[in-house]
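# Commentary on secondary and tertiary structure
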Amino acid sequence: MKLLVVGGGGREHAIIRKLKENPQVTEIHALPGNGGIASDAVCAPIAATDLEGVVDYAVTHQIDFAVVAPDDPLCLGMVDALAQVGIPAFGPDKKAAIIEGSKVFAKNLMKKYGIPTADYQVFTDSKAALDYIRQGAPLPLVVKADGLALGKGVLICQTAQETEQAVHEIMDQKIFGQSGSQIVMEEFLTGPEVSVLAFTDGETIQPMISSMDHKRALDGDQGLNTGGMGTIAPNPYYTPQVAQVCMETIFLPTIRAMKAEGRPFKGCLYFGLMLTPKGPKVIEYNCRFGDPETQVVLPLLKSDLLTIMQATVSGSLAETPVEWRSDSACCVVLASGGYPSSYPKGLPISGLVEGQLPGSSAIVYHAGTQLKEDGTLVTAGGRVLGVTAVAPTLAEAIREAYAASDRISFQGLHRRSDIGKRALEAI
Ligand code: AMP
Ligand code: GLY
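Quick summary incoming for the structure in this document. (Residues numbered from 1 in each chain as written. Chains lettered and ligands numbered in written order. Predicted model: local features only at pLDDT ≥ 70, side-chain atom pairs only at ≥ 80, totals over all residues. Heavy atoms only, no water.)

Next up on the list: the packing of helix α7 (residues 126-134) against helix α8 (residues 160-172). Taken N-terminus to C-terminus, the directions of α7 and α8 make an angle of 170°; their axes are 10 Å apart at the nearest point. Taken together, α7 and α8 sit at an angle that is classed as roughly antiparallel. Contacts between α7 and α8 involve S126, A129, L130, I133 and R134 from the first element and A160, T163, E164, V167, H168, M171 and D172 from the second. When the residues that make up the contact of α7 with α8 are grouped by side-chain class, the tally is six nonpolar, three polar and three charged. (Axes fitted to C-alpha atoms, helices over the stretch in contact; angles between N-to-C directions. Helix = DSSP H or I, 4+ residues; strand = E, 2+ residues; numbered from the N terminus. Parallel < 35°, antiparallel > 145°, perpendicular 65-115°, else oblique. Contact = heavy atoms within 4.5 Å. Nonpolar A, V, L, I, M, F, W, Y, C, P; charged D, E, K, R; others polar.)

Here we come to the sheet that holds strand β22 (residues 383-391). Ordered by their spatial adjacency, five strands build an open sheet running β12-β15-β18-β22-β19, and the pairing between neighbours is antiparallel. Unpaired on one side and paired on the other, β12 (212-213) and β19 (363-366) mark the two borders of the sheet. Pairing of strand β15 (residues 230-233) with strand β18 (residues 328-335), which is carried by four bridges, proceeds in the antiparallel orientation. Bridge pairing in β18 places I232 opposite C330. On top of the sheet, helix α12 (residues 394-405) reaches β15, β18 and β22; it is set at about 30° to β18, its chief contact. (Pairing = 2+ DSSP bridges.)

Of all hydrophobic cores here, the largest spans 49 residues; its most connected members are L4, L82, I99, F251, F271, L273 and Y285. Considering every element that reaches this core, the biggest residue donor is helix α9 (residues 240-260), with seven residues. With residues near it in sequence (within four places) discarded, I99 still touches F105, A106, L109, T254, M258, F265, L269, Y285 and C287. I28, F199, L300 and L305 belong to the second largest nonpolar core, which has 37 residues in total. (Core = buried A, V, L, I, M, F, W, Y, C linked by side-chain atoms within 4.5 Å. Buried < 20%, exposed > 50% of the residue type's maximum accessible area, 1.4 Å probe, protein only.)

Now for the pattern of salt bridges. Across all of its chains, the model carries 18 salt bridges by this definition. For the salt bridge of E21 with K18, the shortest nitrogen-to-oxygen distance reads 3.2 Å. Judged by its relative accessible area of 8%, K18 falls in the buried class. K259 serves as the salt-bridge partner of E203, at 2.8 Å between the closest nitrogen and oxygen. Highlighted residues: E203 in the loop between β10 (193-200) and β11 (205-207) and K259 in helix α9, separated in sequence by 56 residues. When salt bridges that share partners are traced, they join R17, K20 and D40 into one network. (Salt bridge = Lys/Arg side-chain N within 4 Å of Asp/Glu carboxyl O.)

Right, let's get into the site of ligand 2. Every residue near ligand 2 is listed here: D213, G227, Y270, N286, R288, G290, D291, P292 and E293. Within the side chain of N286, a nitrogen or oxygen atom sits 3.2 Å from an oxygen atom of ligand 2. One of the side-chain nitrogen or oxygen atoms of E293 is found 2.8 Å away from a nitrogen atom of ligand 2. In isolation ligand 2 has 200 Å² of accessible area, and contact with the protein removes 91% of it. Classifying every residue of the shell around ligand 2 by side-chain character gives two nonpolar, three polar and four charged. (Near = heavy atom within 4 Å. Polar contact = N/O pair within 3.5 Å; in protein donor to acceptor, adjacent residues only side chain to side chain. Areas by Shrake-Rupley, 256 points an atom, 1.4 Å probe, with all protein chains shown as cover.)

Here we take up the packing of helix α1 (residues 10-19) against helix α11 (residues 305-314). Where α1 contacts α11, the axes come no closer than 8 Å and their chain directions differ by 105°. In terms of their interaxial angle, α1 and α11 are classed as roughly perpendicular. Of the residues in α11, those in contact with I15, K18 and L19 of α1 are L305, L306 and M309. When its residues are assigned to classes, the contact of α1 with α11 shows five nonpolar, no polar and one charged.

Where burial is concerned, the two faces of β15 agree: the one with G230 and I232 and the one with T231 and A233 are both buried. Bridge analysis of β12 against β15 gives two bridges, and the strand direction is antiparallel. Among the inter-strand pairings, D213 is bridged to a residue of β15, identified as T231.

Moving on, we get to the site of ligand 1. Looking at ligand 1, there are 13 residues lining it, with E186, E187, L189, E193 and E284 nearest. Measuring from a nitrogen atom of ligand 1, one finds a side-chain N or O atom of K144 at 3.1 Å. At 3.1 Å, a side-chain N or O of K215 approaches an oxygen atom of ligand 1. Where the shell around ligand 1 is concerned, the elements lending two or more residues are β7 (141-145), β8 (154-157), β9 (183-187) and β17 (279-286). For the shell around ligand 1, the per-class residue count stands at seven nonpolar, no polar and six charged.

To continue, consider the pairing of strand β4 (residues 65-68). Alternating residues of β4 divide into F65 and V67 and A66 and V68, and every residue in both groups is buried. With four bridges connecting them, strand β1 (residues 2-7) and β4 associate as parallel partners. Counted as the bridge partner of V6 is V68 from β4. With two bridges connecting them, β4 and strand β5 (residues 89-90) associate as parallel partners. Looking at the pairing, A66 lines up with A89 of β5.

Attention now moves to the side chain of N235. Tracing the backbone through its elements, the reader meets N235 in the loop between β15 and α9. For N235, a relative accessible area of 2% puts it in the buried group. Apart from the residues within four sequence positions on either side, N235 is in contact with E193, V194, S210, S211 and M212.

Laid out in structure tokens, this is it:
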């Protein structure tokens, strides 16, 4: 079988490494891929958002099955475009991807179907939003741009002044472009966060092993929000009791709601949850695998990934086993100095041989790397590498991930030194 993976980050690398375990897979192509994915797949410089370019490539290379991993091509309708030329693809169609593409849609869906989430208001003009703040809206307030904003569209505001500024920036100055033409203002929730990715064919939902992201740039959850600086799985806060509550009050109701709205969701649905004192609530939905959650979840998957992905497309997930190892995993992200603000690119990376660490059982997932023509590997993004270790206990997985990442260097390398610390305290 010839596969195509659309995307080029650490998440896509983890998906490709897992897909390769299936002996029926003869070829994997990645668009655009990256310097490390190039060791595992044929990469071509076509942007993940280039619908026509990707479809042409898939037809020319006689792709049997595609996986669309990032949010923007999914929201643009990449799965629909591939289906039109007869290529089955893993991921939601455009109609279902709106669950991530519009926060207003997601919030209204949850309200309509009684799915627990933060209380909220929607505003389509800044004047009404400012009036709401000035009339004494409860603080802190969370201001969210409606559309996709590279994971940066959420501002947590402690004071009325900060909230007003957030509204100005998003709605008037359009710092997130058209994504900010509507906003959601919502109640600030507290509690441990859990990421649960789930396979679904629109009817059946099979949650994956839970994980915990570390979104802030600096140790102790300080600094700016990032795409994610590291992850651990499973998440110790997500007990079997919590899982059952989530299944009954969140996962199944969401799948049924999407179906009832005429938008059946197929693919991977990501539930960003907060375990509040009043029970689990949805912070966000994503229409795709998380990054770097995938880098700790997929190494723990015992079953064949391609078979499960095909079952989400054909609607046979109920008959498809999805089994997990009882180990733990930790992924430490190595980022460029300055990330998530501006950072340099093109710096040589040392310590890797063909993109991996010889003699180590840790896996190095490439996120922002580029392989130069002379064979040198250089940095090419904010998050550069994700180093994942799997071990019988979380403590060992953390130790091994850090020991492995100690062997890698580039100028300005930044990583958090406390990935998994909070989880260990909960065990
Ligand atoms: P998101 O981009 O939606 O994942 O939001 C980024 C982060 O902001 C989340 O992981 C939470 O830590 C935080 N956040 C979002 N919404 C809320 C909320 N209503 N209350 C507290 N924290 C929130
Ligand atoms: N790690 C968070 C996300 O993928 O959205």
